[in-house]
Amino acid sequence: MKPITMSEFYTVKFSNRSIDHIKDVTDKKNKALNYNNWNKRFDTRWVGTCGELAFKRWLDRKEIVYDYHADDVGIDEFDFTLYGKLPITVDVKTVSTKYYPKRNYACNVDVKQYNKLMRKGTTDLLVFSRFMTNTNEALLVGWIAFKEFINVCVLEKKGTVLNSKMTASTDSYKCKISDLHRLSSTFVSDYKTEIGKVYSI
């Protein structure tokens, strides 16, 4: 299997000071919104924010017009709306790890989140990110249309043995990094809707 090179991923490195600030803001937001089990899920939430901020920086570099819904309490099924000929909604999924990604590594969506996305039908694209805990870097590994994800994903049940050291901690749907499209300056220019129209940014 061909190894992945650093040039394939857009990478953002966070300083320790930035991480502390993100943790502080996430902590206050979780408490203010009265999230259930907010303390248990705290790590997941601040890591998710790092992935979102990495994608935000990429959008800024590409001069793509967008709204970032970080503080929109009524929106929890997507993080961004991008504006081109048609608006595109994007949900950024981030996992923390110390292992550099390989093409066969999984990109997961929790079953409850997946069912919500299916039910509401308001999310166009998924962007997957990996936050490297040993280097404080967020790597944007690629994107996939949610309709594509539905066709290629498989269900991974909680307790599934992943390797000699890991088992799945929750029920989720997964695809592989090799199923994703790379980020590029022509991001989603070939993304088609169910009625055949082409999004262009």
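Placed above this text is the structure.
Please read all numbers here as calculations on a predicted model, not as lab measurements. (Residues numbered from 1 in each chain as written. Predicted model: local features only at pLDDT ≥ 70, side-chain atom pairs only at ≥ 80, totals over all residues. Heavy atoms only, no water.)

Participant: Got a sec to walk through unusual backbone geometry? Specific residues and values, please.
Facilitator: Within the chain, Glu-63 stands out as a residue other than glycine whose phi angle is a positive 55 degrees. Its place among the elements puts Glu-63 in the loop between helix H2 (42–61) and strand S2 (65–68). (Helix = DSSP H or I, 4+ residues; strand = E, 2+ residues; numbered from the N terminus.)

Participant: Tell me what's going on with the packing of aromatic side chains, and back it up with residues and numbers.
Facilitator: Any two aromatic rings considered together are summarised by their centre-to-centre distance and by the angle between their planes. Tallied over the entire structure, the rule returns 12 aromatic pairs. What links up through ring pairs into an aromatic cluster is the set Phe-55, Trp-58, Tyr-66, Tyr-68 and Phe-80. (Phe/Tyr/Trp six-rings, centres within 6.5 Å; stacked < 30°, edge-to-face > 60°.)

Participant: Which residues make up the nonpolar core, and what are the values?
Facilitator: In terms of nonpolar packing, the biggest core is built from 27 residues, with Phe-55 and Val-90 touching the most fellow members. Of all the secondary structure elements, the ones that give two or more residues to this core are strand S1 (10–13), helix H1 (16–32), H2, strand S3 (80–83), strand S4 (87–97), strand S6 (125–132) and strand S7 (137–145). Tallying contributions element by element places H2 first for this core, with seven residues. Residues Tyr-114, Phe-146, Ile-177 and Leu-180 belong to the second largest nonpolar core, which totals 19 residues. (Core = buried A, V, L, I, M, F, W, Y, C linked by side-chain atoms within 4.5 Å. Buried < 20%, exposed > 50% of the residue type's maximum accessible area, 1.4 Å probe, protein only.)

Participant: I'd love a proper account of the pairing of S4, names of residues and values included.
Facilitator: Within S4, eight of the 11 residues are buried, leaving the element largely enclosed by the surrounding structure. Here four bridges tie S3 to S4, and the two strands are oriented antiparallel to one another. Counted as the bridge partner of Phe-80 is Val-90 from S4. Connecting S3 to the antiparallel partner S4 that follows it, the hairpin turn spans three residues. (Pairing = 2+ DSSP bridges.)

Participant: Describe the pattern of salt bridges, with residues and values.
Facilitator: Summed over the entire model, instances satisfying the criterion amount to four salt bridges. In this structure, Lys-56 engages Asp-60 in a salt bridge whose closest nitrogen and oxygen atoms are separated by 3.7 Å. Here Asp-60 and Lys-56 lie together in helix H2, a separation of four residues that amounts to about one turn. A salt bridge links Glu-156 to Lys-174, with the nearest nitrogen and oxygen atoms 2.9 Å apart. With a gap of 18 residues between them, Glu-156 in strand S8 (residues 154–156) and Lys-174 in strand S9 (residues 172–176) connect regions that are remote in the sequence. (Salt bridge = Lys/Arg side-chain N within 4 Å of Asp/Glu carboxyl O.)

Participant: Help me get a handle on the sheet that holds S1, residues and values and all.
Facilitator: With mixed pairing, six strands are arranged side by side in an open sheet as S1-S7-S6-S4-S3-S2. The sheet terminates laterally at S1 and S2, the two strands that pair on one side only. Going across the sheet, the axis of each strand differs from the next one's by a mean of 30 degrees, ignoring polarity. Two strands pair when backbone bridges link them, and S1 and S7 are joined in this way by four bridges, in the antiparallel orientation. Opposite Lys-13, over in S7, you have Glu-137 as the bridge partner. (Axes fitted to C-alpha atoms, helices over the stretch in contact; angles between N-to-C directions.)

Participant: A description of the side chain of Thr-81 should follow, citing residues and the corresponding values.
Facilitator: Along the chain, the position of Thr-81 falls in strand S3. Separated by 2.8 Å, the side chains of Thr-81 and His-69 make a polar contact. Leaving out residues up to four positions away in the same chain, Thr-81 has contacts with Val-65, Tyr-66, Asp-67, His-69, Pro-87, Ile-88 and Thr-89. (Polar contact = N/O pair within 3.5 Å; in protein donor to acceptor, adjacent residues only side chain to side chain. Contact = heavy atoms within 4.5 Å.)

Participant: Break down the side chain of Thr-123 for me, with residues and values.
Facilitator: Looking at the secondary structure, you find Thr-123 in the loop between helix H3 (111–120) and S6. Once residues within four sequence positions are removed from consideration, Thr-123 is found in contact with Glu-77, Phe-78, Thr-89, Asp-91, Leu-117 and Phe-146.

Participant: Can you lay out the environment of Thr-133 for me, pointing to particular residues and giving the numbers?
Facilitator: Take Thr-133: it is sitting in the loop between S6 and S7. In sequence terms Thr-133 and Lys-98 are 35 residues apart; their C-alpha atoms lie 5.4 Å from each other. Beyond its immediate chain neighbours, meaning those up to four positions away, Thr-133 contacts Ser-96, Thr-97 and Lys-98.

Participant: Go over the pairing of S3 with me, naming the residues and quoting the values.
Facilitator: Where S2 meets S3, four bridges bridge the pair, whose relative direction is antiparallel. When the sheet's bridge partners are listed, Tyr-68 is paired in S3 with Phe-80.

Participant: I'd like a description of the sheet that holds S8, backed by residues and values.
Facilitator: Strand order in the open sheet formed by three strands is S5-S9-S8, with antiparallel pairing between adjacent strands. The two strands at the open ends of the sheet, each matched to only one other strand, are strand S5 (106–110) and S8. This sheet shows a mean twist of 40 degrees between the axes of neighbouring strands, independent of strand direction. Sheet topology places S8 next to S9; three bridges connect them, and they run antiparallel. Residue Glu-156 lies in a different strand from S9, and its bridge partner there is Ser-172.

Without other data, these values stay purely geometric and don't point to any function.
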